[in-house]
Each structure stands twice: as structure tokens, then as C-alpha cells.
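# Analysis of the macromolecular model
Each chain, letter by letter, is given below.
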Amino acid sequence: MADKKKFVILTSPRTGSTYIRLWLNSHSQIRCHGELFLWKYKYEDGFRHYCAESVLDRTLHVFYRNRLLRKLGLNPHLNRAVAEYLRRFADDPAFPLPWTQYDMADADKPAGGKTVIGFKMMYNQLKATPEVQQWIARGKVSILHLVRENDLKRFVSLVRMKSTGTSHVQGNNVKPRPVTIPIGRMMIFLHRSRQEVQAYRELYARGNPYLEITYENFFSDMAASRQAILSFLGVIDEEMEEARLKKTSTDSIAGEIVNHRAVIKALSGTEFEKFLAVYQT
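Here's what I pulled together on the structure shown here. (Residues numbered from 1 in each chain as written. Predicted model: local features only at pLDDT ≥ 70, side-chain atom pairs only at ≥ 80, totals over all residues. Heavy atoms only, no water.)

### Here's the deal with helix α7 (residues 130-138)
Using the following cut-off: Relative accessibility thresholds used throughout: buried, under 20% of the residue-type maximum; exposed, over 50%; partly exposed, between the two (1.4 Å probe, protein chains only). Put simply, DSSP marks the helices as runs of H or I at least four residues long and the strands as runs of E at least two long, and each gets a number from the N terminus on. Arc definition: directions from the helix axis to the C-beta atoms.
Residues of α7 that are buried include every one of Glu 131, Val 132, Trp 135 and Ile 136, and no others. In an axial view of α7, the angular spread of the buried residues amounts to 140°, which keeps them on one side of the axis. Positive phi appears at Lys 140, one or two residues downstream of α7, with a value of about 50°.

### Things to note about the sheet that holds strand β1 (residues 5-11)
Basically, it comes down to this: Any two strands are treated as partners once DSSP identifies two or more bridges connecting them. Every angle, taken between N-to-C directions, lies between 0 and 180 degrees, and every axis is a line fitted to C-alpha atoms, over only the stretch in contact when it is a helix. Any two residues having at least one pair of non-hydrogen atoms within 4.5 Å are treated as being in contact.
The five strands are arranged β2-β3-β1-β4-β5 in an open sheet whose pairing can be described as parallel. Lying at the two open borders of the sheet, with one neighbouring strand each, are β2 (30-33) and β5 (210-214). Here the strands of the sheet are splayed against their neighbours by 20° on average, with no regard to which way each runs. The sheet strands contacting helix α9 (residues 183-204) are β1, β4 (142-147) and β5, and the helix crosses β4 at an angle near 165°.

### Observations regarding unusual backbone geometry
Its identity as a non-glycine residue notwithstanding, Arg 14 has a phi of 65°, on the positive side. If you trace the backbone, Arg 14 turns up in the loop between β1 and α1 (17-25).

Here it is as C-alpha cells:
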């Protein structure tokens with residue numbers, strides 16, 4: 001059996017990664033899964049579902065990001081479970097297909113013969129799973145690093161998601177909902193976000209096949225982005241299906257941020273003032 005080319009969409013929340021994941025999965029040669037190592041991931045292709053096959057693994061999975069687990073010496077067993085799961089992900093033709101919509105999972109269908117396979121992973125999930133880090137390094141797994149340049153927009157989106165309890169929206173009747181921004185948390189977030197992106201850029205840009213794309217460039221020129229990404233993954237250039245997701249943001253700062261005057265004041269004169277340029281005041 002020929003080895004499949006493997007990749008990871010490495011990113012952080014509210015970067016358009018779900019849209020890009022679904023879009024990639026529509027390609028005839030690409031199988032792209034969601035956040036397989038997210039603790040609450042409920043679909044049958046996920047690590048959580050794999051752990052449910054064993055009482056011990058199911059119990060350990062509840063604590064797999066817990067520091068106490070490591071101190072007790074139980075983490076190595078779970079690392080072995082991760083390694084076996086990743087082997088099945090790459091080699092088992094019966095591995096479940098990725099889910100493609102929020103109300104369904106194609107769990108009863110095999111993954112099939114697509115030649116390029118990958119999944120989405122957030123920074124914190126990668127940090128919590130050393131075996132995935134080793135798998136990426138050993139296999140020279142390709143890294144598609146997805147970054148959102150405007151961290152203010154990303155923070156607003158995070159606050160809105162927590163406020164509404166909704167991650168993604170489908171349909172045509174999407175109404176932006178303005179949110180109140182906690183100024184102190186916003187400033188901490190903006191500083192940490194740049195540092196986090198740079199840390200993972202330095203970690204993988206020289207050691208693995210690496211392509212960095214931005215939310216802004218992807219959605220402003222999808223044709224050019226498609227060509228760059230598909231060339232990086234080594235597959236044919238073909239038209240792909242757009243995900244049926246809708247943005248919940250607006251370019252009106254008053255329509256997006258309740259306390260927009262306080263936000264403008266806090267960012268004015270700082271390195272983050274540039275993030276305000278996308279808004280109409």
C-alpha cells in the first residue's frame with residue numbers, strides 16, 4: 001500500500017479553519033478531518049470515539065490533558081493509544097469519513113482511497129498531545145499554518161461565540177450581534193496571539209513542508225489561494241465546493257462592538273491600532 005501524504009491544518013480558533021477544512025474535503029484527492037483531538041469531539045472519526053472502545057482508554061481520555069495524569073505515570077499509555085489511532089487514521093481503509101455538516105457524520109462510510117489526508121488541530125490541542133508532535137516530526141507531515149492577521153476581529157469573534165454559544169452559522173438570515181469587549185482581556189489576547197503564531201512558525205517552518213496562509217488572503221482571492229494550497233499538497237487543481245457557512249461579522253465597528261469607543265481609545269497609539277482600519281467608524 002502506497003503511503004498517503006499527510007498534512008495538518010495548524011491554527012487557532014476563529015480563523016476560518018472550519019470553512020477551509022470543509023472546502024479541502026470537497027477535493028477529489030483530499031480527505032480532511034476536523035479537530036480529531038478536541039476533547040469534546042463527538043464524531044466517529046475522532047480520538048474520543050476511538051478511546052471509547054477500551055474501558056481504560058475511555059477513562060484516561062477524560063484526563064488526557066491533565067497534569068496529574070502525567071505525574072502518576074499514566075500518560076505513556078494514552079500516548080500509545082494516540083500512536084495506534086494515528087496509524088489507523090493513515091492506514092486503515094475502513095477509517096470513518098470526516099463529517100461534512102453539523103447535523104450529521106458519515107460514520108457508516110469508509111474513508112476510501114483518497115491519497116492526501118489531514119486534519120485540523122488547534123495550538124492548545126497540539127501542545128497537549130506529545131505523540132502528535134512526534135508523529136508530525138517523524139513523518140515530515142506537511143503543515144498548513146492558518147493565521148488570521150486581524151487579531152481584533154478574531155477576539156471579537158471569540159467573544160461573540162461565547163456570548164451566543166454558536167460556533168458557525170448556516171443560512172441566509174444572518175444578523176450580526178454586537179458584543180461588549182473586555183478591554184483588559186483584549187490587550188492580553190492581542191499580545192499573546194502574535195507570540196503564539198511566531199512560536200509555531202519557528203517550530204515548523206524549517207523542519208517540515210510548510211505553507212502559511214492568512215484568513216484575509218484566502219477570502220479575498222480564493223482562486224489564488226486554491227492554487228497555492230493544492231500545489232503545496234501535490235494534488236490537481238480543480239474547482240471545489242464552498243462550505244455553506246456564513247459570516248456573522250460586520251465592517252461597522254458600532255454594529256460589531258457595543259463599547260467601540262473604549263476599544264478605539266485602548267488601541268489608539270499602540271501597535272494594534274492598525275486592526276481598526278477594517279472598520280467603518
